Amino acid sequence: MTMERRNFLKLLGAGAATATVGLAGCATQSVSAGGGRKVVVIGGGYGGTIAAKYIRMMDPSIEVTLIERNDHYVSCPFSNLYLGGILPDMSSLTIKYDKLASNYGIKVVQAEVTGIDAAGHSVTTSKGVFKYDRLVASPGIEFRTDEINGYDPEIMPHAWKAGPQTMLLRKQLEAMKPGGTVVLSIPLAPFRCPPGPYERTSMIAMYLKQNKPGSKIIVLDANPDIVSKKGLFLKGWKKHYEGIVDYRPAKKVTEVDAKKMSVMIEGIEEIKGDVINVIPPQKAGHIAHVAGLVGPDKKWCPVNPTTFESTLQKDIHVIGDSSIAGAMPKSGYSANSEAKVCAANIVALMNGRDISDMSAVNTCYSFLSANEAVSVTGVYQVNKEKNAIEAVAGSVGVSPDLSELEAVYAQSWIKNILTEMSS
Amino acid sequence: MKRIKWSEWALAVCALAVSAGAHAAPSTEMLANACAGCHGTKGASAGPSMPSLAGQSKVFFIDAMKKFKSGERNATVMGRLAKGYSDEQVVAMADFFAKQKPQNQSAAVDPALVASGKAISDSACKRCHLENGKEFEEDTPIVAGQWLKYLQIQMDEFSSGKRKMSEKKVEKVKSLSRADWEAVAHFYASQK
C-alpha cells in the first residue's frame, strides 16, 4: 500500500518535471503515456552500465531501466590474463549490478530482449514490455559463424565473449600434452578489441613456455598484417616467445573440421591443432539486427557521431562495439567514453537544451608478459565537415617500448573502469 | 624578462576560456567524463597506481597537463593524451576536478614509515606542501590522502631523475635517501 502511494507520488513529481520541460520548449518527444520521462538501456557491459549511470547522474528526474540477460558481466579486457595464468580466475573481472542500481536509482531488469518497436517506442522482453522515450542499445557483438563452415564453439572456442568460453579455452590448454600445437585464428578487421588477438597470442605463448615445454602457437591472421601495435608485439614475441609464436599473415580460415581438429584456409591449406581457438568474424549484437539498426553493410550500426542516435531509427542510440564510431576502435574504453557522450546529449535533448560537441578518449593496454604491457591512446572529436569521428592530431600513439610501469597502470585501469561500471 | 607565474598564466587562460565560451564546445562535463575510465567517476580513483583528481589544485592540474603535453614530465599514456586537448579545454577540466569532493584512499600504510615520513616532510616538504599536504602553494599538488602506490611511483621518478624537479625542490630534497622518499610517500598517503 505504502509502496503504491510512494510510486504515485514519484509519478506526480516526474510529471511536474516533464511539464517544466514542456514549457522550456523541448522539441523532441519526451513525454510517455506513463507520465515520467523514460530511457531504456539494453546491455549491461562497458557501454550500457555507463550510459545508465551517467544519465541518472546528470538528470535524476529521468527514469532509467537497464535490461541485461545475465545477473553479472565478465570483462573481455583482461580475460587474456586468465588464459596466460596471471589471473587465477575471473572473479576480479566479474561485476554485478546491485550497487549501481541502488547508488543511482537505476531499475535493473534481468531479461532477454526479443524485439524493439521503434514506432511504438517500446522494448519487448522475456519479462514484459518496456516503454521508452529514448532507447540506448549497447548489445556488443555477434559472430558471423556462417562464414566458417562446420564451426562449433564448444569444440573450438572463440573466447571472445568472456565467461564460460574463456574457461573452456583455458581448460583445453591445461589438458593439452607438452609439445602440442595451439592454433589461433584471427578474423578480418573490424572486430572487437583490435590488439586483443595479439595479446592473446602473447598470453597463450607465455602459458605454453611456462607449462607445456616444446609447444607452439600458430597464429592464422586473415588480415594482411598485425592490426594493432605491430612493432611492440613483434618485439615482445622475439624477446620472450622465440620459437613458440608462429605468426602467419593473410591466412583466412573459412572452414573447420571438428573431428580431425583442423582448420582450412580458403579451401587450399589445412592446418591441424591440439587446441583450436577460432575467433570468427563479427557483426553488431543480435538485437541491433532485429530492430533495424544495422546499415547497408549488414554488419554494423550507423549513428550520428555527436549523439550516437541511429541514423536509421529515431530516438534509438547505439553505442559500443555495435556502432560505427569512425576512428574510435571497438574497445571497452571506447564504449565507456561513447556512453558518456551519448548520455550527456540524451539529457540535453530530453531537457530541450543544445547538444554538446563530442569529446571522447580511448586507452587500451595489452600485456606481453606477466609484468610488461603496452598501450595505445587517442582523443576523439567530430570533424564537422565530414560528419565523422576523428582522432585529435598528436593524441594517437603507442608506447615506445614494452613497459613494466604500464603493466602497473593497466592493473589500476581495469580496477577503475570496472568500479565505474558497478558502483 | 620576468617569468610569468603559473597562477597568472592560468588566470589569463581562464579569461580566454570564458571569452570563447559562447562557441566553445564540448562541454566541461563532456571533457572531464572521458578521464574517468582511468581516474574514476568524477576523478575519485579506485586503482592504487592511478592518482585521484577529485579536489586537486587547478593550478597544478593545468601545470601537469602542460608538462605532459610538452614532454617535460615523464609519462606513459598522459604524454599522448594531453596532446588531444587545447589549453582552454585543460583549464575547463582543471576547474571541474578542483570542484569535486576529495577522496581519501584507504591504502594500507606502515605506521613506522608514517612517523619518520612526517619528520622528513616537516623539514623538507612542508613549505610548499602546506598543512601536511592538504593545501597547496602555486603549482604544488594536494598530496594528502593520495594513493600510496601512485606516490611511490612519483617518488621513485623524482629520486631517479626521471621526473624533473623545480630548483627549489632539488635544493630541499638533495639529502633524501630512497628510504626517506618512501617514508614521505607513506606519510602523505596516510593523511585524511
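Residues numbered from 1 in each chain as written. Chains lettered and ligands numbered in written order. Predicted model: local features only at pLDDT ≥ 70, side-chain atom pairs only at ≥ 80, totals over all residues.

Visitor: Explain the overall build of chain B residue by residue, including any values.
Guide: Within chain B, the regular secondary structure consists of 11 helices and zero strands. Moving toward the C terminus, one meets the helices and strands of chain B in the order α-α-α-α-α-α-α-α-α-α-α. A burial count over chain B gives 48% of its 192 residues as buried. Taking the intrachain contacts of chain B between residues at least 6 apart in sequence as the baseline, contacts between residues at least 24 apart amount to 76%. (Helix = DSSP H or I, 4+ residues; strand = E, 2+ residues; numbered from the N terminus. Buried ≥ 20, exposed ≤ 12 C-beta atoms within 10 Å, placed from the backbone. Contact = placed C-beta atoms within 7 Å.)

Visitor: Pulling in residues and values, what's your account of the packing of helix α2 (residues 48-58) of chain A against helix α9 (residues 332-350) of chain A?
Guide: Residue and element names in this part refer to chain A. Running from N to C, α2 and α9 point in directions that differ by 35 degrees, and their axes come no closer than 8 Å. Two packed elements cross with a definite hand, and for α2 against α9 that hand is right-handed. On α9, the residues touching Ile50, Ala51, Tyr54, Ile55 and Met58 of α2 are Asn336, Ala339, Lys340, Cys342, Ala343, Ala344, Ile346 and Val347. Of the residues that constitute the contact of α2 with α9, the class distribution is 11 nonpolar, one polar and one charged. (Axes fitted to C-alpha atoms, helices over the stretch in contact; angles between N-to-C directions. Left-handed = near helix turned anticlockwise from the far one by under 90°. Nonpolar A, V, L, I, M, F, W, Y, C, P; charged D, E, K, R; others polar.)

Visitor: Which residues make up the interface of chain A and chain B, and what values go with them?
Guide: Residue-level contacts link 34 residues of chain A with 27 residues of chain B. Secondary-structure elements contributing two or more residues to the side of chain A that touches chain B are α9, β22 (359-369), β23 (372-383) and α10 (404-422) of chain A. Sort the elements by how many residues they give to the side of chain A that touches chain B and α10 of chain A lands first, with 11 residues. Taken together, the residues that form the side of chain A that touches chain B break down as 14 nonpolar, 15 polar and five charged.

Visitor: Account for the domain arrangement of chain B, naming residues and giving values.
Guide: All names here are of chain B. The domain architecture assigned to chain B consists of domain 1 (6-98) and domain 2 (111-190). The interface of domain 1 with domain 2 comprises 17 residues on the first partner and 16 residues on the second. Breaking the side of domain 1 that touches domain 2 down by element, the ones donating at least two residues are α1 (6-19) and α4 (58-70). Sorting elements by how many residues they give to the side of domain 1 that touches domain 2 places α4 first, with three residues. The residue makeup of the side of domain 1 that touches domain 2, split by class, is six nonpolar, eight polar and three charged. (Domains from an automatic or database assignment.)

Visitor: Which residues make up the environment of arginine 69 of chain A, and what values go with them?
Guide: Residue and element names in this part refer to chain A. Topologically, arginine 69 is positioned in the loop between β2 (62-68) and β3 (72-74). Judged by C-beta crowding, with 14 C-beta atoms within 10 Å, arginine 69 ranks as partly exposed. If we skip the residues at most four places from it in the chain, arginine 69 touches Gln110, Ala111 and Glu112.

Visitor: Break down the domain arrangement of chain A for me, citing the residues and quoting the values.
Guide: Domain annotation for chain A reports domain 1 (2-69 + 111-142 + 283-355) and domain 2 (147-281). Here the residues of the side of domain 1 of chain A that touches domain 2 of chain A sort into two nonpolar, one polar and two charged.

Visitor: Explain helix α11 (residues 178-190) of chain B to me, and be specific about the residues and the numbers.
Guide: All names here are of chain B. For α11, with 13 residues, the first-to-last C-alpha span of 19 Å sits near the 18 Å given by 1.5 Å per residue. A large share of α11 lies buried, amounting to 10 of its 13 residues. Those residues of α11 not exposed but buried are Trp181, Glu182, Ala183, Val184, Ala185, His186, Phe187, Tyr188, Ala189 and Ser190. Where α11 is buried, its residues contact α7 (111-124), α8 (130-133) and α9 (148-160). (Expected span 1.5 Å × (residues − 1).)

Visitor: Outline the sheet that holds strand β7 (residues 122-125) of chain A, listing residues and values.
Guide: Residues and elements named next belong to chain A. Judged by pairing direction, the sheet is antiparallel, and its three strands sit side by side in the order β6-β7-β8 without closing on themselves. Pairing within the sheet leaves two strands with one partner each, and these edge strands are β6 (113-117) and β8 (128-131). Across the sheet, the axes of successive neighbouring strands diverge by a mean angle of 20 degrees, strand direction being ignored. Where β6 and β7 come together, four bridges link them in antiparallel fashion. Directly across from aspartate 117, in β7, lies its bridge partner serine 122. (Pairing = 2+ DSSP bridges.)

Visitor: Report on the nonpolar core, specifying residues and quantitative values.
Guide: Val41, Ala51, Ile55, Ile204 and Ile217 of chain A are the most contacted members of the largest nonpolar core, which totals 177 residues. Contacts of valine 41 of chain A, omitting those with residues within four sequence positions, involve Gly48, Ala51, Ala52, Val64, Leu66, Ile67, Val136 and Ser138 of chain A. (Core = buried A, V, L, I, M, F, W, Y, C linked by C-beta atoms within 7 Å.)

Visitor: Before we move on, could you go through the pairing of β22 of chain A and cite the residues and values that matter?
Guide: Each regular strand carries side chains that alternate between the two faces of the sheet. All names here are of chain A. Extensive coverage of β22 is indicated by the burial of 11 of its 11 residues. Relative to β23, β22 is paired through 10 bridges, and the arrangement is antiparallel. What sits directly across from serine 359, in β23, is glutamine 381. Between the antiparallel neighbours β22 and β23 lie two residues.

Visitor: Explain the sheet that holds strand β11 (residues 181-186) of chain A to me, using residue names and the numbers behind them.
Guide: All names here are of chain A. Pairing is parallel in the open sheet, where four strands are placed in the order β13-β12-β11-β17. The sheet terminates laterally at β13 (245-248) and β17 (275-278), the two strands that pair on one side only. Within the sheet, the average angular offset between the axes of one strand and its neighbour, ignoring direction, is 15 degrees. Strand direction decides the pairing type here: β11 and strand β12 (residues 216-221), joined by six bridges, are parallel. In the sheet register, leucine 184 faces β12, and the bridge partner there is valine 219.

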